[in-house]
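# Summary of structural features
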Amino acid sequence: MSFKHQLELAVRRAMDSAEIPADCAPMVVRSNRPEFGDFQANGAMAAAKQLKTNPRQLAERICQALAEQLGERADKLEVAGPGFINITLNGAYIGAQFAAPAAATQRNAQTVVVDYSAPNLAKQMHVGHLRSTIIGDAIARVLMHRGDTVIRQNHVGDWGTQFGMLIAELEEQLGSGERAELALADLEQFYQAAKLHFDADPAFADKARAYVVKLQGGDSHCRQLWQQFIDISIAHNVALYRQLGVLLTAADTMPESAYNDQLGDVVATLVNDGIAVEDAGAKVVFIDELADKNGNPSPMIIEKSGGGYLYATTDLAAARYRQQTLRADRVLYFIDARQSLHMKQVFATARRAGFVEPSMQLEHLPFGTMMGADGKPFKTRSGGTVKLADLLSEAIERATALVAEKNRDSDIGADELAEIARKVGIGAVKYADLSKTRTNDYIFDWDSMLSFEGNTAPYLQYAYTRIVSIFRRAGLAIDSFAGAVAIELPQERALALHLLGFEELLEQVARDCYPHLLCNYLYELASLFMSFYEAAPILKEGVTAISKESRLALAMQSAKTLALGLELLGIDTMDRM
Ligand code: ARG
């Protein structure tokens, strides 16, 4: 149970003693000013309203009962204002939390499908795929850390009409002696070449169109060309995932094509159940819950007139698979905000058709767009899409210059410097994205993300190295350090209470899927550590043995939490930089 939950429980018990109905919440929050104590219980006001009684008197009653509940665990309890209860905890009690960490929260671990990244394989991955990839990955890590079973699903697009054109082009290039790996070394170029060919040569265009039909009909020649294309394309993506430090591997790929043989059944089921109807030759689901303001239901086409399934049809099959085969309790879709209507239509229809059970949570976690300095979607100077590979190379290049500059007189070798630069560069790009509220657009800016000041990855990575260096100077191993925490100074108290709030914070991140909350937490942790370190010297002469041990213990906890927090964001730390 998290530290705050224990307190909530004590307050709720005190409310029981004061005969306050069980549906009144204790409303425990961290105090935002030290003069209000460490925590405040603010539930008395709402309870008094419900009981039609004086809030201040009710708060006094709760406060008395709470004094009994907490005993020596609290130093001071007082009622303030209209009925706030200010709680100041006992320093020894706070310190003891670090020695015997509260037993893990009893919760039902869930099976969670996380649908993220999911680029279309026809083209090279570009910056538009960055947000889904790194936000989804961070949330997957947090869920795993909390004990959920996470099933990653990379729902890549490998089945659109473009593939007819692409495999026809591949066939020609192979025919003139090219090897597939080389032909597809630059997918963007390959795509452009195929498109030019398609537009200029009617015979080629006819063949391309015929190949789509053949491919979807299972023709083995087309299928084999297509498979080569897909394998190489996925290998490109997996290389990028590695470089980015995200967990996705080839094994997490569950492409659109994998649902191909289920689409006919999906449509037939919906038609038989009267959920889909014929409309101008197409099969359409009309969704009443999503009707416009004139009452016209929202249409979702699941089969085109003349045949052919759609993106939505595949997503319906995927929802059913995630229920029936993967047996998910919760499915998270990290997809651009522009697909919100699509997701709502799919969820509503999957539920109505009974493809998913009522207990299964389906959540679309939308995100905003990455913008350039001009406030328009991020593009290259010439207005093209920015390839993800180029973006990451530039990040490492910039970080290399920065790290070299900072280490002009250091004895760190070239290999280690290169490794540091990689971690700083990639970390900066990821953190810049993760630290912005997911649902907003944000401006991509190299200088601010690579700054060692402010809420950035380099700042946090640096804060971590500073703590590690304290241990290095003390000749102690940080990993195996154990010591008792004894709270003396207000800065120690503030740092300790913040550290004890970590589990609670992760619970919130797991629930709401907002990684910026974790970023803010870590940034505040680093800042609290800096104030603590200024006020509470560790290795200076004259510090008592007890204080030294306690401060080292707090430093170690801070380092551990920083490293774990960054790891959950998918960001590496290092011992020096
Ligand atoms: N490939 C799609 C796109 O690039 C994203 C797929 C997201 N996942 C899903 N289940 N629809 O827009």
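Summarised in this report is the structure supplied together with it. (Residues numbered from 1 in each chain as written. Predicted model: local features only at pLDDT ≥ 70, side-chain atom pairs only at ≥ 80, totals over all residues. Heavy atoms only, no water.)

### Re the layout of surface pockets
Of the volumes computed, that of the second largest pocket is approximately 830 Å³. Taken together, 32 residues line the second largest pocket, and the ones lying closest to its centre are Arg-30, Ser-31, Asp-38, Leu-497 and His-498. Of all the elements in the fold, those that place two or more residues in the lining of the second largest pocket are α1 (3-17), β1 (28-30), β3 (74-80), β4 (84-89), α18 (490-500), α19 (502-512) and α20 (515-535). For the lining of the second largest pocket, the per-class residue count stands at 13 nonpolar, nine polar and 10 charged. (1 Å grid on protein atoms, 1.4 Å probe; cavity = no way out; pocket = protein on both sides within 12 Å on 5 of 7 lines; lining within 4 Å. Points joined across faces, edges and corners; volume = space filled by probe spheres on them. Helix = DSSP H or I, 4+ residues; strand = E, 2+ residues; numbered from the N terminus. Nonpolar A, V, L, I, M, F, W, Y, C, P; charged D, E, K, R; others polar.)

### Re the pairing of β3
Sheet analysis places β3 next to β4, joined by six bridges and oriented antiparallel. Bridge assignment links Val-79 to a residue of β4, and that residue is Ile-85. Count of turn residues in the β3/β4 antiparallel hairpin: three residues, of which Gly-81 carries a positive phi of about 55°. (Pairing = 2+ DSSP bridges.)

### A few points about the site of the ligand
Residues in contact with the ligand, as listed here, are Asp-115, Ala-118, Asn-120, His-155, Tyr-311, Asp-315, Tyr-333, Ile-335 and Gln-339. Here a nitrogen atom of the ligand sits 2.9 Å away from a polar atom, N or O, in the main chain of Ala-118. Asn-120 places a polar side-chain atom, nitrogen or oxygen, 3.0 Å from a nitrogen atom of the ligand. Residue composition of the shell around the ligand, grouped by class: four nonpolar, three polar and two charged. (Near = heavy atom within 4 Å. Polar contact = N/O pair within 3.5 Å; in protein donor to acceptor, adjacent residues only side chain to side chain.)

### Details of empty space enclosed by the protein
One pass over the full model with this rule turns up one cavity of 30 Å³ or more. In this structure, the largest cavity occupies an estimated 30 Å³ of space. Around the largest cavity sit Leu-121, Asn-154, Val-156, Ile-234, Asn-237, Val-238, Tyr-241 and Thr-253, which together line it. In the lining of the largest cavity, the residues fall into five nonpolar, three polar and no charged.

### Considering the nonpolar core
The biggest cluster of nonpolar side chains holds 160 residues, and the ones touching the most others in it are Leu-391, Leu-518 and Leu-569. Residues within four places of Leu-569 in sequence aside, it is in contact with Ala-138, Lys-430, Tyr-431, Leu-434, Pro-515, Leu-518, Cys-519 and Leu-522. Listed in part, the 34 residues of the second largest apolar core include Leu-270, Val-346, Phe-347 and Ala-353. (Core = buried A, V, L, I, M, F, W, Y, C linked by side-chain atoms within 4.5 Å. Buried < 20%, exposed > 50% of the residue type's maximum accessible area, 1.4 Å probe, protein only. Contact = heavy atoms within 4.5 Å.)

### Comments concerning the packing of helix α5 (residues 130-145) against α19
How two helices sit against one another is set out by the angle between their axes and by the gap between those axes. Between α5 and α19, the least distance of the axes is 9 Å, while the angle of their chain directions is 125°. Of the possible angle classes, the one that applies to α5 and α19 is oblique. As α5 packs across α19, the resulting crossing turns out to be left-handed. Where α5 approaches α19, its residues Ile-139, Val-142, Leu-143 and His-145 are matched on the opposing element by Leu-506, Val-509 and Ala-510. Broken down by class, the residue content of the contact of α5 with α19 amounts to six nonpolar, one polar and no charged. (Axes fitted to C-alpha atoms, helices over the stretch in contact; angles between N-to-C directions. Parallel < 35°, antiparallel > 145°, perpendicular 65-115°, else oblique. Left-handed = near helix turned anticlockwise from the far one by under 90°.)

### Focus on the sheet that holds strand β2 (residues 39-41)
Strand order in the open sheet formed by four strands is β1-β2-β4-β3, and the pairing between neighbours is antiparallel. Both edges of this open sheet fall to β1 and β3, since each of them pairs with a single strand only. Averaged over all pairs of adjacent strands, the angle between their axes in this sheet comes to 25°, without regard to strand direction. Where β1 meets β2, three bridges bridge the pair, whose relative direction is antiparallel. Across the sheet, residue Val-29 finds its bridge partner in β2, namely Gln-40.

### Notes on the pairing of strand β6 (residues 149-153)
Looking at chain direction, strand β5 (residues 111-115) and β6 are connected through five bridges and run parallel. Across the sheet, Asp-115 pairs through a bridge with Gln-153, a residue of β6. Note that the unit made of β5, α5 and β6 has a crossover that is right-handed. (Right-handed = clockwise from strand over helix to strand, strands pointing away.)

### With respect to the environment of Gln-189
With respect to the helices and strands, Gln-189 occurs in helix α8 (residues 187-200). By relative accessible area, Gln-189 is classed as exposed at 58%. In sequence terms Gln-189 and Phe-529 are 340 residues apart; their C-alpha atoms lie 50 Å from each other.

### Some thoughts on the side chain of Asp-433
By the element assignment, Asp-433 lies in helix α15 (residues 414-434). Residue classification places Asp-433 among the buried residues on the basis of a relative accessible area of 0%. Residues contacting Asp-433, with those up to four places away along its chain left out, are Leu-130, Arg-131, Ile-134, Ile-135 and Tyr-442.

### Digging into the packing of aromatic side chains
Taken as a whole and judged by the stated rule, the model has 15 aromatic pairs. Aromatic pair Tyr-259 and Tyr-321: ring centres 5.8 Å apart, planes at 75°, arrangement edge-to-face. One end of the pair, Tyr-259, is in the loop between α10 (220-244) and α11 (263-272); the other, Tyr-321, is in helix α12 (residues 311-324), with 62 residues separating them in the sequence. No difference in accessibility class separates Tyr-259 from Tyr-321, as the two residues are buried. With 5.8 Å between their ring centres and 15° between their planes, Phe-529 and Tyr-533 make a pair best called stacked. Highlighted residues: Phe-529 and Tyr-533, both in helix α20, separated by four residues, approximately one helical turn. Since its relative accessible area comes to 2%, Phe-529 is described here as buried. Aromatic ring contacts, followed pair by pair, group Phe-3, Phe-39 and Tyr-93 into a single cluster. (Phe/Tyr/Trp six-rings, centres within 6.5 Å; stacked < 30°, edge-to-face > 60°.)

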